[in-house]
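# Structural description and commentary
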Amino acid sequence: MPPIVLETLQSLKNYVGREIATTDWFLVTQDRIRQFAEATEDHQWIHVDPERAGRESPYGATIAHGFLTLSLLSYFIKQAIQVPRDVRLSVNYGLNRVRFPAPVRAGTEIRARITLQSLKELPDSVEATFGVSMEGKAAAKPCCVAEWIVRYYI
């Protein structure tokens with residue numbers, strides 16, 4: 001169960017400016033990287049060719065696509081917050097800023113630290129802006145830093 005179980009969306013106000021969760025570790029496998037390459041038609045060798053990446057890549061191994069890492073935001077937010085049952089729809093409204101400071105090598109475990117930066121009430125929804133920092137186990141720098149906007153419709 002997520003660390004935050006919301007009774008109402010308005011109770012999310014209590015978390016503005018606070019880190020709300022550090023998620024469990026998630027293993028990024030070579031098979032997942034391959035599947036993402038298939039889905040996106042991005043077959044660059046640094047992602048899908050372990051032998052060549054081992055020889056030629058500055059990372060010494062294949063790495064996950066930045067967009068694969070970013071796409072795990074949805075998975076991680078479900079570990080952080082359980083929204084109330086009356087929320088009929090959650091929409092990825094967009095991103096204000098995304099950076100990939102460090103690679104995610106195949107076989108690396110990553111997790112997310114999630115902060116609620118702001119909350120805005122709109123006529124038909126509540127808009128939450130989350131600061132997310134994803135880190136690899138034993139990595140010196142985060143692998144993804146993003147400001148993510150989610151709209152919750154009741």
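For the structure, see preceding data.
Throughout what follows, the structure given in this document is the object of discussion. As a convention, each chain's residues are numbered from 1 in the sequence order in which they are written. With the structure being a predicted model, the display of local features is reserved for residues of pLDDT at least 70 and the display and counting of side-chain atom pairs for 80 or more, all residues being used for whole-chain, interface and lining totals. Excluded from the side-chain calculation are hydrogens and water; included are all heavy atoms of the structure.

## Notes on unusual backbone geometry
Keep this limit in mind: Under the scheme used here, helices are H or I runs from DSSP no shorter than 4 residues and strands are E runs no shorter than 2 residues, and both carry numbers assigned from the N terminus.
Its identity is not glycine, yet E41 carries a phi of approximately 65 degrees, on the positive side. Mapped onto the fold, E41 is located in the loop between helix 1 (30-40) and helix 2 (45-48). Even without being glycine, A138 reaches a positive phi, approximately 65 degrees. The residue A138 is located in the loop between strand 7 (125-136) and strand 8 (142-153) in this model.

## What about the environment of I154?
The following threshold applies: Working definition: with a 1.4 Å probe on protein chains only, accessible area under 20% of the residue-type maximum means buried, over 50% means exposed, and in between means partly exposed. It only takes one pair of heavy atoms within 4.5 Å for two residues to be counted as in contact.
Within the element layout of this structure, I154 appears in the segment after strand 8. Take I154: its relative accessible area is 47%, and that puts it in the partly exposed class. For the pair formed by I154 and R88, sequence separation is 66 residues and the distance between their alpha carbons is 5.3 Å. Discounting residues that sit within four places of it in the chain, I154 has contacts with L9, D86, V87, R88 and D124.

## Some words on the packing of aromatic side chains
Heads up, the rule is: Put simply, two rings from Phe, Tyr or Trp (the six-membered ring, in Trp's case) pair if the centres are within 6.5 Å, and we call them stacked under 30 degrees between planes, edge-to-face over 60, tilted for the rest. Charge over a ring is defined by NZ of Lys or CZ of Arg lying within 6 Å of the ring centre and within 35 degrees of the ring normal.
Counting across every chain of the model gives four aromatic pairs. Consider the rings of F26 and F76, whose centres lie 6.4 Å apart with planes at 85 degrees: the pair is edge-to-face. In this pair, F26 is assigned in strand 3 (residues 26-28) and F76 in helix 5 (residues 73-80), connecting sequence segments 50 residues apart. One exposure class covers both F26 and F76, and it is buried. One aromatic cluster in this structure is built from F26, Y75 and F76. For the cation-ring pair, R151 lies above Y93, with the distance from its terminal atom to the ring centre recorded as 3.7 Å.

## Comments concerning helix 5
Inclusion rule: What the arc covers is the set of directions going from the helix axis to the C-beta atoms.
Residues of helix 5 that are buried: L73, F76, I77, Q79 and A80. For helix 5, the angular spread of buried residues about the axis comes to 155 degrees, placing them on one side.

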